[in-house]
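So you can see what is in the structure, the chains are spelled out below.
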Amino acid sequence: MDGVTPRPLSYVDRLETRDPAAVELIVIHATELPDLATARAYGERIHYPESRTGNSGHFYIDRDGRIEQWVPLARVAHHVSGHNRGSIGIELVNRGRWPNWYASDHQHWLDDYPDAQIDALVRLLSALRKQLPGIRQIAGHDQLDTRTQPAEDQPEVLIRRKLDPGPGFPWAAVIELTGLARWTEADHD
């Protein structure tokens, strides 16, 4: 893909294979980390000892619009529980709630998304739709993973595990510019 730098993760060959033509959904994430280098270090960590793989998306878009592909489309990335096989994960570098993701008093979002980053996302989504015509829907990580957990500082307070891509993500503009439909629970009951 034009404008995308391939940068495969060290364990990419151990990720499960799939037919990219079966992909129907794009999932938008925020790294909730300070920068792309920290996200890469996290992506290289092994979280699944049995397969010796970790958590990551397929694409990462930095604040300046630079796009890196860490997982090929023919591989299943671990980016959203229960939806990995039929989706592509796109991670936007954004601090989110970093570094206190699960503190009860730190659930506000820190950063907006720069225009260069959103422009790059729209270009990537358009290229993916041309390459994979089965892609019709887009969702936020927060829509697909609605689990809660006790806050680390106040266990009696339940907080959402995932809030990304966060309140500053320009859903209306991205949907208008890409023609993708917003994923709804009703579509998949």
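Anything mentioned here points back to the structure above.
Residues numbered from 1 in each chain as written. Predicted model: local features only at pLDDT ≥ 70, side-chain atom pairs only at ≥ 80, totals over all residues. Heavy atoms only, no water.

## Points about the overall build of the protein chain
Here is step 1 of the chain: When helices and strands are counted, the protein chain shows 4 helices and 9 strands.
Here is step 2 of the chain: In the protein chain, the order of α-helices and β-strands from amino to carboxyl end is β-β-α-β-β-β-α-β-α-β-β-α-β.
Here is step 3 of the chain: At 16 Å, the protein chain has a C-alpha radius of gyration in line with the 16 Å of a compact globule built from 189 residues.
Here is step 4 of the chain: When the 189 residues of the protein chain are sorted by exposure, 47% land in the buried category.
Here is step 5 of the chain: The long-range share in the protein chain, meaning contacts at least 24 apart out of those at least 6 apart in sequence, stands at 74%.
Here is step 6 of the chain: Accessible surface, the protein chain: about 9200 Å² in total, of which carbon and sulfur atoms supply 50%.
Here is step 7 of the chain: Each charge sign in the protein chain was given a centre, from 21 positive and 28 negative side chains, and these centres are 5 Å apart. (Helix = DSSP H or I, 4+ residues; strand = E, 2+ residues; numbered from the N terminus. Rg over C-alpha atoms; globule rule 2.2 N^0.38 Å. Buried < 20%, exposed > 50% of the residue type's maximum accessible area, 1.4 Å probe, protein only. Contact = heavy atoms within 4.5 Å. Areas by Shrake-Rupley, 256 points an atom, 1.4 Å probe, with all protein chains shown as cover. Lys, Arg positive; Asp, Glu negative; His and termini not counted. Charge placed at Lys NZ, Arg CZ, Asp CG, Glu CD.)

## Regarding the pattern of salt bridges
Here is step 1 of the chain: Counted under the stated rule, the structure contains 11 salt bridges.
Here is step 2 of the chain: With its nearest N and O atoms 3.0 Å apart, the salt bridge here joins glutamate 32 to arginine 97. Linking glutamate 32 in the loop between β2 (25-30) and α1 (36-44) with arginine 97 in the loop between β5 (87-92) and α2 (115-131), this pair joins segments that are 65 residues apart in sequence. Arginine 97 carries the same exposure label as glutamate 32, and that label is buried.
Here is step 3 of the chain: The salt bridge involving aspartate 64 is made with arginine 66; its shortest N-O contact spans 3.9 Å.
Here is step 4 of the chain: Each of Arg7, Asp62, Asp64, Arg66 and Glu68 takes part in salt bridges that share partners, so that together they form one network. (Salt bridge = Lys/Arg side-chain N within 4 Å of Asp/Glu carboxyl O.)

## Considering the sheet that holds strand β1 (residues 4-6)
Here is step 1 of the chain: Ordered in space as β1-β4-β3-β5-β2-β6-β9, the 7 strands form an open sheet in which the pairing is mixed. The open sheet is flanked by β1 and β9 (181-182), the only strands paired with a single partner.
Here is step 2 of the chain: Pairing analysis gives 3 bridges linking strand β3 (residues 59-61) to β5, with the strands arranged parallel. The partner of isoleucine 61 across the bridge, within β5, is leucine 92.
Here is step 3 of the chain: Along the sheet, α2 contacts β1, β2, β3, β4 (67-69), β5 and β6 (137-140); its crossing angle with β5, the most-contacted strand, is approximately 165°.
Here is step 4 of the chain: Where helix α4 (residues 171-178) meets the sheet, its contacts fall on β2, β6 and β9, and the angle it forms with β6 comes to roughly 165°. (Pairing = 2+ DSSP bridges. Axes fitted to C-alpha atoms, helices over the stretch in contact; angles between N-to-C directions.)

## Examining the pairing of β6
In summary, the side chains of a regular strand alternate between the two faces of the sheet.
Here is step 1 of the chain: Side chains Gln137 and Ala139 of β6 all project onto a buried face; the interleaved residues Ile138 and Gly140 project onto the opposite face, where all are buried too.
Here is step 2 of the chain: Sheet analysis places β2 next to β6, joined by 4 bridges and oriented parallel. Each bridged residue has a counterpart across the sheet, and for leucine 25 the counterpart in β6 is glutamine 137.
Here is step 3 of the chain: Relative to β9, β6 runs parallel, the two being bridged by 2 bridges. Note that in β9 the partner of glutamine 137 across the bridge is alanine 181.

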